[in-house]
Amino acid sequence: MTATLPVPALTAPRTARSLRVSEATLDNGLRVAAVRKPGVPIVEVRLRLPFLSAKPGHPAQATVLSETLLTGAADLDRAGLAAAIQALGADLGVSVDADRLVVTGNALATSLRPLLALVASVLTEPGYARDEVSTERDRLVENLGIARARAGVVAGEALAHRMWGDHPYALDLPQPDDVAAVTPAQVRALHKALVRPDGGMLVLVGDVAPGRMIDFAQEAFAGWTGKAAKPRIPALPTPPGGPLLLVDRPGSVQTSVRMGRMGLARTDPGYPALQLANLIFGGYFSSRWTENIREDKGYTYGPHSRLDQHVLGATVSLEVEVATEVTAPAMLETVYELGRIASLPVTAEELESVRQYAIGNLAMSTATQSGLASTLSALSAFGLGLDWVKEHPARLLRTTVDDVAEAAATYLAPSGFTTVLVGDAATVRQPLAALGPVE
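Each value, and the rule that gives it
- Residues numbered from 1 in each chain as written.
- Predicted model: local features only at pLDDT ≥ 70, side-chain atom pairs only at ≥ 80, totals over all residues.
- Heavy atoms only, no water.
- Helix = DSSP H or I, 4+ residues; strand = E, 2+ residues; numbered from the N terminus.
- Rg over C-alpha atoms; globule rule 2.2 N^0.38 Å.
- Buried < 20%, exposed > 50% of the residue type's maximum accessible area, 1.4 Å probe, protein only.
- Contact = heavy atoms within 4.5 Å.
- Areas by Shrake-Rupley, 256 points an atom, 1.4 Å probe, with all protein chains shown as cover.
- Lys, Arg positive; Asp, Glu negative; His and termini not counted.
- Charge placed at Lys NZ, Arg CZ, Asp CG, Glu CD.
- Salt bridge = Lys/Arg side-chain N within 4 Å of Asp/Glu carboxyl O.
- Axes fitted to C-alpha atoms, helices over the stretch in contact; angles between N-to-C directions.
- Parallel < 35°, antiparallel > 145°, perpendicular 65-115°, else oblique.
- Left-handed = near helix turned anticlockwise from the far one by under 90°.
- Nonpolar A, V, L, I, M, F, W, Y, C, P; charged D, E, K, R; others polar.
- Pairing = 2+ DSSP bridges.
- Core = buried A, V, L, I, M, F, W, Y, C linked by side-chain atoms within 4.5 Å.
- Expected span 1.5 Å × (residues − 1).
- Phe/Tyr/Trp six-rings, centres within 6.5 Å; stacked < 30°, edge-to-face > 60°.
- Lys NZ or Arg CZ within 6 Å of the ring centre and 35° of its normal.

## Describing the overall build of the chain
Point 1. A count of helices and strands for the chain gives 16 helices and 13 strands.
Point 2. A compact globule built from 439 residues would reach a C-alpha radius of gyration of about 22 Å, and the chain, at 24 Å, matches this within 12%.
Point 3. Along the longest, intermediate and shortest principal axes, the C-alpha atoms of the chain span 65 × 55 × 40 Å.
Point 4. Among the 439 residues that make up the chain, the fraction classed as buried is 49%.
Point 5. In the chain, 82% of the contacts between residues at least 6 apart in sequence involve partners at least 24 apart.
Point 6. When the accessible area of the chain is evaluated, it comes to approximately 20200 Å², of which 54% is carbon and sulfur surface.
Point 7. Here the chain carries 39 positive and 45 negative side-chain charges, and the mean point of each set is 5 Å from the other.

Here it is, written out as structure tokens:
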């Protein structure tokens, strides 16, 4: 029998190396946060632009835009732009979701100035050539078809629709037919409407003086002007909860389970307690949920729960894939663990363990230039910055067992979750019905 070693006592967090930070709002309204983080002669670039829209065709057009933004700029075609980026020893990429468009990149510190000039060219003189849009559009249609063949994607999409109805958050993944109908003119119009500096945030992290990085940004983006259109977006509806929704996938050898409910934003005083409660339940490998249905029962390779931060609201999300024949037992144990943490106090030992994990994970995720830049970019959407990163460990240290119990009772009680399962209905419906109503 293997002895269980005690978790070492949590020591006081080490004082982080002081970072030189400068923040400014450029003449065009773009906010810039520049952080000097020495060690590697590289600068990480994160340009985040609000991209939420209530227009029906927005998800399809936004996805095509993100895939074609780097296919040309000014007098450079796709190959010319790629060669220019490569010549700087740099890298650029674009991603989009319901909340934001992000241009992500990095370059040698000596190449930051010309890299920002290239980014500015992409933003102010995009190409969107007809053949490039057509090529990327066709590729996206194919990839979306492949994605929707996966049960996990179907389950996630079904849960989003059940939680949010017709809200834009339920339409983040575009339909293939909508993508196929996108034209270059629509992409250009969307770019003109939303790819604007006012309201955006540029984060620069690297081994360059912060003031110098801001000067480079002011120089590069001086010709980028305008305010983004601000469509009226409805508030998020309250997720309905209610009976399990079973989506039939005949012959499936496993069932994809997705559960969700409203959570707390990072700005909420109760967030640290919910963060720790979630970790204890299912947020890391030694969590209760993992120990139960993976280590003890062998129902799954790995369940996971997480706290998702969206501009319009935060959510608690659970996901797991289980073998078809153990779908009902896995749901029983999931509901049991949710009920247990929502009804009974966690132990002091559990709290100390996840507190140590949370503090250490935050330190690790912001230890690199890339990690810090991505973290600051995400925080910027909520008006937070480096101070939040510095102060959060102290908030975690102040969180008590009672605080965690209160958060768990409010946000992890099983009755509050909206649940979707995708699997072989002929096999799993009757066993699931023994646990409660199934739609």
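So much for the structure itself; the text now carries on.
## Topic: the side chain of R48
Point 1. Mapped onto the elements, R48 comes out in strand β3 (residues 42-50).
Point 2. Buried within the structure, R48 lacks any salt-bridge partner; D99 is the closest side chain of opposite charge, at an N-O distance of 5.2 Å.
Point 3. Setting aside residues up to four positions removed in sequence, R48 forms contacts with D99, R100, L101, V102, G200, M201, V311, S377, A378, S380 and A381.

## Considerations on the packing of helix α11 (residues 327-343) against helix α16 (residues 425-433)
Point 1. For the pair α11 and α16, interaxial distance at closest approach is 8 Å and the crossing angle is 40 degrees. For the element pair α11 / α16, the angle class is oblique. In the packing of α11 onto α16, the handedness of the crossing is right-handed. Where α11 approaches α16, its residues T327, A328 and M331 are matched on the opposing element by V428, P431 and L432.
Point 2. Looking at the contact of α11 with α16, its residues break down into five nonpolar, one polar and no charged.

## Some thoughts on the pattern of salt bridges
Point 1. Enumeration over the complete set of coordinates arrives at 21 salt bridges.
Point 2. Beyond isolated ion pairs, a larger network of salt bridges with shared partners links E67, R78, E132, E136 and R139.

## Regarding the pairing of strand β6 (residues 91-96)
Point 1. When β6 meets strand β7 (residues 100-108), the two strands line up antiparallel, connected through six bridges. Each residue of the ladder has a partner; that of G93, found in β7, is T104.
Point 2. Hairpin connection of β6 to β7: three residues between the antiparallel strands.

## Side note on the pairing of strand β10 (residues 254-262)
Point 1. When you tally the buried positions in β10, you get seven out of nine residues, the bulk of the element.
Point 2. Both β10 and strand β13 (residues 418-423) contribute to a ladder of five bridges, which runs antiparallel. In the sheet register, R258 faces β13, and the bridge partner there is V420.

## A short note on the nonpolar core
Point 1. By size, the foremost hydrophobic cluster in this structure holds 59 residues, and its most contacted members are L276, L318, L376, L412 and L432.
Point 2. Looking at this core element by element, the count peaks at eight residues for helix α9 (residues 271-283).
Point 3. Non-local contacts of L432, meaning those with residues more than four positions away in its chain, are made with L244, T327, A328, M331, L421 and V438.
Point 4. The next biggest cluster of nonpolar side chains, apart from the first, holds 54 residues, and it includes V45, A60, A109 and A228.

## Observations regarding unusual backbone geometry
Point 1. Positive phi, normally seen in glycine, also occurs at A74, with a value near 55 degrees.
Point 2. Considering the arrangement of structural elements, one finds A74 in the loop between β4 (72-73) and β5 (76-77).
Point 3. At Y128, a position not held by glycine, the phi torsion is positive, near 50 degrees.
Point 4. Relative to the assigned elements, Y128 resides in the loop between α3 (112-124) and α4 (130-147).
Point 5. Overall, the relative accessible area of 1% leaves Y128 in the buried class.

## Some details on helix α13 (residues 369-380)
Point 1. The first and last C-alpha atoms of α13 sit 16 Å apart over twelve residues, in line with the 16 Å expected at 1.5 Å per residue.
Point 2. In terms of residue burial, α13 counts as a mostly covered element, since nine of its twelve residues are buried.
Point 3. What α13 keeps buried is the set Q369, G371, L372, A373, T375, L376, S377, L379 and S380.
Point 4. Looking at the buried residues of α13, the elements they touch are β2 (31-36), β3, β8 (201-206), α12 (348-365) and α14 (386-398).

## A short note on the environment of G127
Point 1. Structurally, G127 can be placed in the loop between α3 and α4.
Point 2. Classification of G127 by relative accessible area gives partly exposed; the value is 33%.
Point 3. Apart from residues no more than four positions distant in its own chain, G127 is found in contact with G72, A73 and R188.

## Details of the packing of aromatic side chains
Point 1. Per the stated rule, a full pass over the model turns up three aromatic pairs.
Point 2. An angle of 55 degrees between the planes, with centres 5.7 Å apart, marks the rings of F221 and W224 as tilted. For the pair shown, F221 and W224 are each scored as buried.
Point 3. Where F281 meets W289, the ring centres are 5.2 Å apart and the plane angle is 20 degrees; that geometry is what we call stacked. Just as F281 is buried, W289 falls in that class too.
Point 4. One cation-aromatic arrangement involves R266 over W388; the distance from NZ or CZ to the ring centre is 5.8 Å.
Point 5. The ring of Y301 is capped by R294, whose NZ or CZ atom sits 4.8 Å from the centre of that ring.

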